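# Coordinates in review
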Amino acid sequence: MATRLVQMNMKARDDATLGAFRAQALGWETSSEGPGVTNLEPAGLDCIGQGDDVSWVMTADPEGNEFCLLTPA
């Protein structure tokens, strides 16, 4: 089964710059929930909920910030 990434949420020292970098690399768009929080999503995709039974993969960005990838149940 293929995995499809549908949203990223970042909190970083310079979340806007990292968000812009990642959005350009993925061909996605950015939005914000408020100061210090940047979201990335494919253009035209509605936000998808987590559900109850999910698994996560931890990784880090070039700034050393940890982030989790949510995989489908």
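Preceding this paragraph is the structure being described.
A brief structural summary. (Residues numbered from 1 in each chain as written. Predicted model: local features only at pLDDT ≥ 70, side-chain atom pairs only at ≥ 80, totals over all residues. Heavy atoms only, no water.)

This part covers the pairing of strand β3 (residues 37–41). Within β3, five of the five residues are buried, which leaves it mostly tucked inside the rest of the structure. Side chains Val 37, Asn 39 and Glu 41 project from β3 onto one buried face, and the interleaved Thr 38 and Leu 40 project onto a second face that is buried too. Where strand β1 (residues 8–10) meets β3, three bridges bridge the pair, whose relative direction is antiparallel. In the sheet register, Asn 9 faces β3, and the bridge partner there is Asn 39. Counted between consecutive antiparallel strands, the loop separating strand β2 (residues 29–34) from β3 contains two residues, among which Gly 36 sits at a positive phi close to 85°. (Buried < 20%, exposed > 50% of the residue type's maximum accessible area, 1.4 Å probe, protein only. Helix = DSSP H or I, 4+ residues; strand = E, 2+ residues; numbered from the N terminus. Pairing = 2+ DSSP bridges.)

It is worth spelling out the pattern of salt bridges at this point. Scanning the model with the defined rule gives one salt bridge in all. The partner of Glu 63 in a salt bridge is Arg 13, with the nearest N and O atoms 3.5 Å apart. Taken as a pair, Glu 63 in the loop between β4 (55–60) and β5 (66–71) and Arg 13 in the loop between β1 and α1 (15–26) lie far apart in primary sequence, 50 residues in all. (Salt bridge = Lys/Arg side-chain N within 4 Å of Asp/Glu carboxyl O.)

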